[in-house]
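# Architecture at a glance
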Amino acid sequence: MKRPYAMIAGTGHAVPKRVFMNSDFASIGIDTTDEWIFDRTGIRQRYIAGAGETLTSISVEAAHQAMEAAGVTAAELDAIVLGTASPDRLLPATAVEVQAALGATRAVAFDVDAACSGWLFGTQVAEGLMATGNYETILVIGAELLSRIINWKDRNTCVLFGDGAGATVMRKSTRQRGILSAYMRSDGTLADLLQREKGGSREPITAEIIEEGGHYLSMAGREVFKNAVRSMADAADRALDGAKLSASDVDLLIPHQANIRIIEATAKHANIPMEKVFVNVGTYGNTSAASIPIALNEAVRSGRIKDGSIVMFVAFGAGFTWGSMVVRF
Ligand code: COA
């Protein structure tokens, strides 16, 4: 069966106002240095939400940009799919709050929980919705306020993450523009390596859990690193195979921005030179589900993606979840 062309028609992104530099960790009592963080991750700074900034507010800001770029009004949206691991409320989904704020009254709205792969999985869900024939215009958002779920006393994790939102408007294309191949995988046997263990329905929040910090994100950094490199390499191969393309056909690789060393290893495995890899982890840190759509928006607006460009996305996150996609713009 011929693949319907689900194209990315508009992009946008938003971040909170406050910039938090590596050197700012000293002021909150974290024993670290700019050199340690930068050498191991490539991160120099990240954006951190302040009072009044919510996942919904930054998502809506990103969505408005993407809708304007696509020439789409809220009334035209058939669906809103929001990838996040840090929703505004545990119930209901943040996507419905975005729907209400946009006034997208016709749109069905729901969240996708795939951690850092959230936008990539959400985009593939959107493509599937379009294939039913009932959905033409879909807003896909990847957004996180990780600053609200990390333990600011744990230097192993708090230096790595940042807040932000990226949005894309997907439309059915009449031209040969859109998703050429897509791949998604999960391995729940490794769930413990990157998690928020407590505070869910298995172990509801208690004063003791709060005291020990069991409701915060925790991570086995080295194990996550090894798996990320392996999985993203696999995903890059699958994306190219699926699209029947070779590495030299790719104009731009946009990998999940977790760590410059993981990005470089992925590019090397895929045989794509670093000049063709989009990197902004230094500015935003790891923004999880938001990282790829933020990078995509910067790549589009800076002219690195043009009409006809072949772009490959590769994601990896808690679960573990990973996947890839090749898109012709
Ligand atoms: N500043 C200074 N020292 C720190 C530190 C910090 N912010 N965080 C950890 N350390 C210390 C640790 O306590 C440890 O000390 P010890 O050996 O005395 O116990 C040591 O540094 C670990 O150093 P190293 O082994 O060189 O770290 P690393 O090269 O494994 O790098 C990470 C650590 C977290 C940067 C790396 O494992 C990583 O990037 N993992 C993947 C994380 C990720 O991307 N997660 C999200 C995936 S979507």
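These lines cover the structure that appears in this document, whether it is placed above or below. (Residues numbered from 1 in each chain as written. Predicted model: local features only at pLDDT ≥ 70, side-chain atom pairs only at ≥ 80, totals over all residues. Heavy atoms only, no water.)

## Topic: the environment of Arg-40
For the record, the criterion: Secondary structure elements are taken from DSSP: a helix is a run of H or I of four residues or more, a strand is a run of E of two residues or more, and numbering for both begins at the N terminus. Contacts: residue pairs with any heavy atoms within 4.5 Å of one another.
In this structure, Arg-40 sits in helix H1 (residues 34-41). Expressed as a C-alpha distance, the spacing of Arg-40 and Asn-259, which sit 219 residues apart in the sequence, is 7.6 Å. Ignoring any residue separated from it by four or fewer positions in sequence, one finds Arg-40 in contact with Asn-259 and Arg-261.

## Considering the sheet that holds strand S12 (residues 310-317)
Working definition: the strands of a sheet are paired by backbone hydrogen bonds and lie parallel or antiparallel to each other. We apply this condition: A pair of strands is labelled paired if DSSP reports no fewer than 2 bridges between them. All axes are obtained by fitting lines to C-alpha atoms, using only the stretch in contact for helices, and the reported angles, taken between N-to-C directions, cover 0 to 180 degrees.
Reading across the sheet, the four strands line up as S8-S13-S12-S11 and stay open at both edges, with mixed pairing between neighbours. The sheet is open, and its two edges are formed by strand S8 (178-186) and strand S11 (252-255), each paired on a single side. Taken pair by pair, the neighbouring strands of this sheet meet at an average axis angle of 10 degrees, ignoring direction. As defined by bridge partners, S8 adjoins strand S13 (residues 321-328) across eight bridges and the pair is classed as antiparallel. Looking at the pairing, Met-184 lines up with Gly-323 of S13. The sheet strands contacting helix H10 (residues 291-301) are S11 and S12, and the helix crosses S11 at an angle near 150 degrees.

## Considerations on unusual backbone geometry
Generally, phi is negative for residues other than glycine and the peptide bonds are trans, each holding for most cases. For the bond running from Leu-91 to Pro-92, omega is 0 degrees, close enough to zero to count as cis. Mapped onto the elements of the fold, Pro-92 is located in the loop between strand S4 (79-83) and helix H3 (94-102). Of note, the phi angle at Ala-115 is positive, near 50 degrees, even though the residue is not glycine. In this fold, Ala-115 is placed in the loop between strand S5 (108-112) and helix H4 (118-131). Positive phi outside glycine occurs at Asn-271, with the angle close to 65 degrees.

## Here we look at the nonpolar core
Using the following cut-off: What we call a nonpolar core is a set of buried Ala, Val, Leu, Ile, Met, Phe, Trp, Tyr and Cys residues that are connected through their side-chain atoms within 4.5 Å. Only protein chains enter the accessibility calculation, which uses a 1.4 Å probe; a residue is then buried when its area is under 20% of its type maximum, exposed when over 50%, and partly exposed in between.
Core analysis: the biggest nonpolar cluster contains 48 residues, and Ile-272 and Met-312 have the highest contact counts within it. Here this core takes eight residues from helix H7 (residues 221-243), the largest share from any one element. Beyond its immediate stretch of four places on either side in the chain, Met-312 contacts Ala-236, Ala-239, Leu-240, Val-250, Leu-252, Leu-253, Ile-254, Ala-270, Ile-272, Met-325 and Val-326. Among the nonpolar cores identified, the runner-up in size contains 30 residues, and Val-81, Phe-121, Met-130 and Ala-299 belong to it.

## Remarks on the sheet that holds S5
Judged by pairing direction, the sheet is mixed, and its five strands sit side by side in the order S1-S7-S6-S4-S5 without closing on themselves. Each end of this open sheet is capped by a strand with a single partner; those strands are strand S1 (6-14) and S5. The sheet shows a mean angle of 20 degrees between the axes of neighbouring strands, taken without regard to direction. Helix-sheet contacts for helix H2 (residues 55-70) involve S1, S4, strand S6 (137-145) and strand S7 (163-172), and the interaxial angle to S1 is about 135 degrees. Packing against the sheet, H4 makes contact with S1, S4, S5, S6 and S7, and its axis sits at approximately 165 degrees to S6.

This is a description of form; function is not addressed.
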